[in-house]
Amino acid sequence: MSTLLRQQIFDALDALVLIDPHTHIDPHHPAGQTLTDILGYHYYTELIHSAGVSRKDVEAPGLGPKERFGRLVEGLGPLENTIQYSWLIELAQSLFDFKDDRITPANWEPLYDEAARRMAAPDWPQEVLRRSKIEALFLTNDFDDPLTGFDTKTYIPCLRTDDLVFNLHKPEVRARLERASKVPLTDSSIVDSIGRLFEHFTQNGGRACAISLPPHFTPRRLFLDNIPSIRKSMREVLGSNLNEMAAEDRDNVSQFVFWTLAEYCQEFRIPFDLMIGVNRGVYEGGVHQGRDLYDSRVSLIQYKELFNSFPRVTFPISVLASATNQELTSYAWIFPNVVTNGHWWYSNTPTFIEHDLSARLEAVPSTKQIGYYSDMYKLEFALPKFAMYKRLLAKVLAERFVIDRGWSEERAVELGRQVLRGNVERVFYAG
Amino acid sequence: MSTLLRQQIFDALDALVLIDPHTHIDPHHPAGQTLTDILGYHYYTELIHSAGVSRKDVEAPGLGPKERFGRLVEGLGPLENTIQYSWLIELAQSLFDFKDDRITPANWEPLYDEAARRMAAPDWPQEVLRRSKIEALFLTNDFDDPLTGFDTKTYIPCLRTDDLVFNLHKPEVRARLERASKVPLTDSSIVDSIGRLFEHFTQNGGRACAISLPPHFTPRRLFLDNIPSIRKSMREVLGSNLNEMAAEDRDNVSQFVFWTLAEYCQEFRIPFDLMIGVNRGVYEGGVHQGRDLYDSRVSLIQYKELFNSFPRVTFPISVLASATNQELTSYAWIFPNVVTNGHWWYSNTPTFIEHDLSARLEAVPSTKQIGYYSDMYKLEFALPKFAMYKRLLAKVLAERFVIDRGWSEERAVELGRQVLRGNVERVFYAG
Amino acid sequence: MSTLLRQQIFDALDALVLIDPHTHIDPHHPAGQTLTDILGYHYYTELIHSAGVSRKDVEAPGLGPKERFGRLVEGLGPLENTIQYSWLIELAQSLFDFKDDRITPANWEPLYDEAARRMAAPDWPQEVLRRSKIEALFLTNDFDDPLTGFDTKTYIPCLRTDDLVFNLHKPEVRARLERASKVPLTDSSIVDSIGRLFEHFTQNGGRACAISLPPHFTPRRLFLDNIPSIRKSMREVLGSNLNEMAAEDRDNVSQFVFWTLAEYCQEFRIPFDLMIGVNRGVYEGGVHQGRDLYDSRVSLIQYKELFNSFPRVTFPISVLASATNQELTSYAWIFPNVVTNGHWWYSNTPTFIEHDLSARLEAVPSTKQIGYYSDMYKLEFALPKFAMYKRLLAKVLAERFVIDRGWSEERAVELGRQVLRGNVERVFYAG
């Protein structure tokens, strides 16, 4: 009974057209050109490397895409158990009519060629979106992105701010900020400079500000004009050509810029997506984008002052570790401005999704849960990633609501709809 | 098969008459007078507020109970998915013959009126207890509660000590202690003063001492007479009319009083309930009782010295975060004086109960697990809260014992009985 | 369907002959002589003590084995729910044809006698291995074990190094090291002394180095010759007859020795098993081996420098707390030299195994997961412990791979085989 029920709920959910609230899509090249753009995704390259292929062979800088694909396929065997591999197969089957359930040195080439043929069609991105039932998606834009040359109704700008908060000590970042804001950067002008970015983004369809944060980060309120030491830190950092300034100065500037971003989110009435818990560059010898890990000893109590200070800013929050999910659930249960957001990265696998999702669905108001985002770099991934999530959502709704709590199937589907689609509109399209 | 099996085990467990080992019942007004006493429970008001209703509208100080109920119902929609909402519906259906599965602006009024009618019956509290199959329950008494005017066999006193440990710097708390102990409070008399409270409670049927503790609290042994700094702290704190004494002095006094409580629990042979992990007042703008959250980075290693120092005191322990449940399970597996106690607050939802309960049932001696307490403020909540727990207990027994381990249904039910009822007697009625 | 499927997968997995990659077997007395050797296992004595039997009665120093067994049986009642008890019953049923499902004061004696009779057979150890389908197993050898008098193909030496890293301040440990290495121990010779141990072990069939580590331990690179303070610490510690040296000196020596071990693992091409997270001696009044617990606030980020510094050393890692399992999963997903290893101690119970195993199977390359080790002290435990694991592995494969992901049963079994047997060969027999 449970299996059939799950299938029926899945089918109902799978009929929805969705908005994907967080991706890394390049709107100028949204889809892959070949399957190498797919298999080159760090979720594969890092696993292939982890399973024993050298970084040099994984990244194969001198090879053409087809040769590189063949090389990568040789390293795929040990990944066949992973959920990431299942995305690849579902993608190949759904978008390119692949008939097998494994990609091997013996069968990859026809798949590769067929995919290249379809991907070359001028309307391929639209075709992928249509088949994936995605009508719009959020980008991850550099703060100095001109936001021109694409349809911002479909590809929705999102101001990504990691560089502003953590990298202003780098001259090239400051130079980019000066060019983007058209204001010389000083400790007096920096607030205005950042304000110009918010103007630019919101005038061009931007609907969110976003940042990823390390586990130790604890936002605190600082007052630029009242605290001479902040001004001093700002001058140190903004005037520097070196990376070797005092850690305290860098931290003061990070804190000040972060708080300023929250103030602008309030002023411009856009949500501030916080992605909490990543340590960058932990594995120094890793492949591109395959070096980041985390310390799961993080608590949302670190955000107490922030949540209290900005009651009118909505904070859609992603946590990297499932161990933090109960806190997220509880904070969203209590704080009106805290919203649960998707299943991020190392928690984006079925066991953690199922556990974390179950906890949220039974204790957070239904209007405050953004079910899922794909985090994808290429459009082709929306279909298998959302399919995984929808299967898990159907499983939880079937087992924990229909069977355990006696809900009707219709009511369960209704909750699924709200989490999948309704809340994305509610949170990001309310302003 | 599993569904039927679960039902049968549930039915057997549901036939038991229970003792509820932790509540916040006021024995002079144990049941609600109207449904507003039910919907005014912080589990609802905080969720309604979190879902977007302003605190002013939630608390509606000027309104009569019926008008306030109607107002609150308007905010219930986003809560329909929550387990807390399911308690409300089950309560309404079981106690007031409510026929729908949602309470809405369209149907609340007849329910409200019918409930008010029944609740007005003079024997309503006894009726609720009878229908809920609860024969006795533990209270949460202020240390200066006179403990008069109620049947202490049914409403069992429990000495709650948060104020003694954390608030002796407040003149009003010291004044209450002087009145209750009938001893002027000094650094020399404080141990005796506290002893008087234990005498008073145990002479009036008290069966436990209890406290809730913040995550950072780490009990340590202090010797009043040998450590002049403790005496000095005591004088500072006991002589103060201000809240601004040194943190170190306050901490010394908290430590000393806490250790003294444990010594009295040993002397008077009563268990010391520890509820570990809450941060008070995290959300400053929250509704009444809806401001507390936590930092899940807590460890029972902080209690090493306490557990070792009091081998004859039983410590029934509740942890706020499911992340701490494995430690609780392991510490109860090793320490004879550590007992697992219920599923507290933010862990009192099905996903966490199921996971935490499963872990305990398979690794902690069956005699050392107190299954559940309601934590209720009004008697009406015992029925749906215990029903939730019994369903989960039946599920775990069916799936993990009968199916996975080949147990007979009878043996599974027997384990459920011990956890639900037997151990409450064993732990609290042994003295 | 699920129940039958689980059984079929279990049957296929149960047909395999295995190598147990971590035990505490004494190769000179690998099996029990009586059931008291079984019930004297700390997993039982500590639970019996925790359930209320005094340590004196549990350890009963003056009693003969049969009388002691009878005494212990009297304390078994409260343990009947535990998974540890189920190992005991399955062991008794499988190896000694016990017919009941409980061992009680009324039925233990014939079981005890029958077991003693069988255990007295000269080929009992071989018989147990045969029935348990174990062809070889790894030992936990003191660093000064002569490794003689047993078949090192069946009983594979493993250099256990806790004493070297944490106890060199004890004169008896230093004396043992001098005898074993045949080199006088100084700050100049210590590196060579340790090298001699690796030579001795690898020349005698040793296939791994292993250590258990407390939660706070954070390996860091130290340079003996360049850092005078390390030399000074070394001299302090190596010259000491007292335990009261400076904590910093002891810590420096621990760090230096630990790093030296990793260097030798690289040179001798053997894996370095890390068992992370135990606090020793937490419960001072506990029974033998029943005093250790933990602080789950540990992170693999503490091992960042180690993992980066030794890319050619394989680190099979066990974590004590399930809360750390997601980090282990993620670190094994990213670092080529990190391998997941079994389910250790307080995480070796079904609920945690099921959750942790599910997470690993879907995100770590299949070649990098060592499914299980028994950690046993007597051969008789391999059968029930591995049976528990195989049932859980079958459950996860049935539910999460065959049902949830549409895998064939054969493919699921193949993954199970790799995790159970293939990877033990791959990791420990590659050199």
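Residues numbered from 1 in each chain as written. Chains lettered and ligands numbered in written order. Predicted model: local features only at pLDDT ≥ 70, side-chain atom pairs only at ≥ 80, totals over all residues. Heavy atoms only, no water.

> Please give an account of the overall build of chain A that cites residues and values.
Looking only at helices and strands, one finds 18 helices and 11 strands in chain A. For 431 residues, the compact-globule estimate of 2.2 N^0.38 gives 22 Å, and chain A sits close to it at 22 Å. For chain A, the spread of C-alpha atoms along the three principal axes comes to 65 × 60 × 40 Å. Buried residues in chain A amount to 64% of all 431 residues. Of the contacts formed within chain A by residues at least 6 apart in sequence, a portion of 76% connects residues at least 24 apart. For chain A, the exposed surface amounts to about 15,200 Å²; the carbon and sulfur share of it is 48%. Here chain A holds 47 positive side-chain charges and 57 negative ones, and the gap between their average locations is 2 Å. (Helix = DSSP H or I, 4+ residues; strand = E, 2+ residues; numbered from the N terminus. Rg over C-alpha atoms; globule rule 2.2 N^0.38 Å. Buried < 20%, exposed > 50% of the residue type's maximum accessible area, 1.4 Å probe, protein only. Contact = heavy atoms within 4.5 Å. Areas by Shrake-Rupley, 256 points an atom, 1.4 Å probe, with all protein chains shown as cover. Lys, Arg positive; Asp, Glu negative; His and termini not counted. Charge placed at Lys NZ, Arg CZ, Asp CG, Glu CD.)

> Account for the interface of chain B and chain A, with residues named and values stated.
Taken residue by residue, the interface counts 44 residues in chain B and 37 residues in chain A. Approximately 3,300 Å² of surface area, both sides summed, lies buried where chain B meets chain A, with 53% of it carried by carbon and sulfur atoms. Taken together, the links from chain B to chain A amount to four salt bridges. The salt bridge partner of D404 of chain A is K395 of chain B, with a shortest N-O separation of 2.7 Å. Remark: the boundary between chain B and chain A carries 28 residue pairs in polar contact (both at pLDDT 80 or more). Secondary structure elements with two or more residues in the side of chain B that touches chain A: α3 (42–50), α6 (83–96), β8 (293–294) and α16 (350–361) of chain B. Looking at the side of chain B that touches chain A residue by residue, the classes come out as 17 nonpolar, 16 polar and 11 charged. (Buried area = accessible area lost by both parts, 1.4 Å probe. Salt bridge = Lys/Arg side-chain N within 4 Å of Asp/Glu carboxyl O. Polar contact = N/O pair within 3.5 Å; in protein donor to acceptor, adjacent residues only side chain to side chain. Nonpolar A, V, L, I, M, F, W, Y, C, P; charged D, E, K, R; others polar.)

> Could you give an account of the interface of chain A and chain C, naming the residues involved and the relevant values?
One frequently used descriptor of interface size is the decrease in accessible area upon assembly of the parts. Contacts between the two partners involve 44 residues from chain A, matched on the other side by 37 residues from chain C. At the surface where chain A touches chain C, the tally comes to four salt bridges. As a salt-bridge pair, D404 of chain C and R6 of chain A come within 2.6 Å of each other at their nearest N and O atoms. Scanning the region where chain A abuts chain C turns up 28 residue pairs in polar contact (both at pLDDT 80 or more). Among the elements of the structure, α3 (42–50), α6 (83–96), β8 (293–294) and α16 (350–361) of chain A are those that each provide at least two residues to the side of chain A that touches chain C. For the side of chain A that touches chain C, the class distribution of residues is 17 nonpolar, 16 polar and 11 charged.

> Tell me about the sheet that holds strand β11 (residues 369–370) of chain A, and name the residues and values.
Adjacent strands of a sheet pair through backbone hydrogen bonds, lying either parallel or antiparallel. Residues and elements named next belong to chain A. Strand order across the open sheet formed by six strands is β4-β5-β6-β9-β10-β11, with parallel pairing between neighbours. Taken across any chain shown, the strands that pair with only one partner, and hence form the sheet edges, are β4 (158–160) and β11. Note that strand β10 (residues 338–341) and β11 share two bridges and pair parallel. When the sheet's bridge partners are listed, T340 is paired in β11 with Q369. Each of β5 (208–213) and β6 (272–276) is contacted by helix α13 (residues 247–268), which is oriented at about 145° to β6, the strand it contacts most. (Pairing = 2+ DSSP bridges. Axes fitted to C-alpha atoms, helices over the stretch in contact; angles between N-to-C directions.)

> Can you tell me about the nonpolar core, naming the residues and giving the values?
Counting 429 residues, the largest nonpolar core has F272 and L274 of chain A, F272 and L274 of chain B together with F272 and L274 of chain C as the members making the most contacts within it. Discounting residues that sit within four places of it in the chain, L274 of chain B has contacts with I211, L213, F258, Y303, L306, F307, F315, P316, I317 and S318 of chain B. (Core = buried A, V, L, I, M, F, W, Y, C linked by side-chain atoms within 4.5 Å.)

> Which residues make up the relation of the copies chain A and chain C, and what are the values?
For the match of chain A to chain C, the screw axis carries a shift of 0.0 Å, the RMSD comes to 0.0 Å, and the turn is 120°. Both copies are brought into coincidence by an operation consistent with a three-fold rotation axis. In this assembly the copies use different faces: only 5% of the residues contributing to the interface of chain A also contribute to that of chain C. (Least-squares fit on C-alpha atoms with pLDDT ≥ 70 in both.)

> How would you explain the relation of the copies chain B and chain A if you had to name every residue and give the values?
Mapping chain B onto chain A is achieved by rotating through 120° and translating by 0.0 Å along the same axis, at an RMSD of 0.0 Å. The overlap is low: 5% of the interface residues of chain B also sit at the interface in chain A, so different surfaces are used on the two sides.

> Requested: an account of the environment of D142 of chain C, with residues and values cited.
Residue and element names in this part refer to chain C. Counting through the fold element by element, D142 comes out in the loop between β2 (134–138) and β3 (155–156). A residue is classified by how much of its surface remains accessible, and D142, at 46% relative accessible area, is partly exposed. Along the backbone, D142 and M234 are 92 residues apart, and their C-alpha atoms lie at a distance of 22 Å. Leave out the neighbours within four places in its chain, and D142 touches R176 and F201.

> Requested: an account of the pairing of strand β2 (residues 134–138) of chain B, with residues and values cited.
All names here are of chain B. With four of five residues buried, β2 is to be regarded as a mostly interior element. Two strands pair when backbone bridges link them, and strand β1 (residues 18–20) and β2 are joined in this way by three bridges, in the parallel orientation. By the bridge assignment for β2, I19 is matched with A136. Pairing of β2 with strand β3 (residues 155–156) involves two bridges; the strand directions are parallel. Paired with L137 across the strands is Y155, a residue of β3.

> So what about the sheet that holds strand β6 (residues 272–276) of chain B? Which residues, and what values?
Residues and elements named next belong to chain B. Spatial ordering of the open sheet is given by β4-β5-β6-β9-β10-β11, a layout of six strands whose pairing is parallel. What marks the edges here is a single partner per strand, and that holds for β4 (158–160) and β11 (369–370). Looking at chain direction, strand β9 (residues 315–319) and strand β10 (residues 338–341) are connected through three bridges and run parallel. Within β10, the position partnered with I317 by the bridge is T340. Running over the sheet, helix α15 (residues 325–334) touches β9 and β10 and is turned about 140° from β10.

> Describe the pairing of β5 of chain A, with residues and values.
All names here are of chain A. For β5, the buried fraction is high: six of the six residues fall into the buried class. Residue alternation in β5 divides its side chains into two sets, A208, A210 and S212 and C209, I211 and L213, and both sets are buried. Where β4 meets β5, three bridges bridge the pair, whose relative direction is parallel. The residue of β5 that forms the bridge with R160 is A210.

> Describe unusual backbone geometry, naming the residues involved and giving the relevant values.
Even without glycine at this site, D97 of chain B takes up a positive phi of about 55°. When you line up the elements, D97 of chain B lands in the loop between α6 and α7 (108–119). One non-glycine residue, K133 of chain C, lies in positive phi territory at about 55°. In this structure K133 of chain C comes out as partly exposed when scored by relative accessible area, which is 31%.

> Provide a residue-level description of the packing of α16 of chain B against helix α17 (residues 382–403) of chain B, including the pertinent values.
Between two packed helices, the angle of one axis relative to the other and the distance separating the axes together describe the packing. Residues and elements named next belong to chain B. At a minimum axis separation of 10 Å, α16 and α17 run at an interaxial angle of 50°. On the basis of their axis angle, the class for α16 and α17 is oblique. Handedness of the α16/α17 crossing: right-handed. Residues P350, I353, E354, L357, S358 and L361 of α16 pack against M388, Y389, L392, L393, K395, V396, L397, E399, R400 and F401 of α17. Tallied by class, the residues present in the contact of α16 with α17 amount to 11 nonpolar, one polar and four charged. (Parallel < 35°, antiparallel > 145°, perpendicular 65-115°, else oblique. Left-handed = near helix turned anticlockwise from the far one by under 90°.)

> Lay out helix α18 (residues 409–428) of chain B in plain terms, naming residues and giving numbers.
Residue and element names in this part refer to chain B. When the terminal C-alpha atoms of α18 are compared, their 28 Å separation across 20 residues agrees well with the 28 Å that a helix rising 1.5 Å per residue should span. The largest bend along α18 measures about 45° and falls at G422. Taken together, the buried positions of α18 are R411, A412, V413, L415, G416, V419, L420, R421, N423, V424, V427 and F428. (Expected span 1.5 Å × (residues − 1). Bend = angle between axes of the 7 residues up to and from the residue.)

> So what's going on with the pattern of salt bridges? Which residues, and what values?
Residues and elements named next belong to chain A. Scanning all chains against the criterion turns up 86 salt bridges over all chains. Measuring nitrogen to oxygen at the nearest pair gives 3.0 Å for the salt bridge that ties E414 to R417. Taken together, the residues E414 and R417, both in helix α18 (residues 409–428) and three residues apart, mark about one turn of the helix. Its relative accessible area of 44% is what places E414 among the partly exposed residues.

> Which residues make up the confidence of the model for chain A, and what values go with them?
On average, residues of chain A score 95 in pLDDT, and 97% of them reach the 70 mark or higher. For this predicted complex, the interface confidence comes out at an ipTM of 0.97, alongside a pTM of 0.97. (pLDDT = per-residue confidence, 0-100.)

> Any details on the packing of aromatic side chains? Residues and values, ideally.
For the structure on display, the rule yields 102 aromatic pairs over all chains. On the basis of an interplanar angle of 15° and a centroid distance of 6.1 Å, the ring pair of Y331 of chain A and F335 of chain A is categorised as stacked. Considered together, Y331 of chain A and F335 of chain A belong to a single accessibility category, that of buried residues. Just above the ring of Y43 of chain A sits the side chain of K385 of chain A; from NZ or CZ to the centre is 4.9 Å. The residue whose ring lies beneath R411 of chain C is W407 of chain C, and the NZ or CZ to ring-centre distance is 4.1 Å. (Phe/Tyr/Trp six-rings, centres within 6.5 Å; stacked < 30°, edge-to-face > 60°. Lys NZ or Arg CZ within 6 Å of the ring centre and 35° of its normal.)

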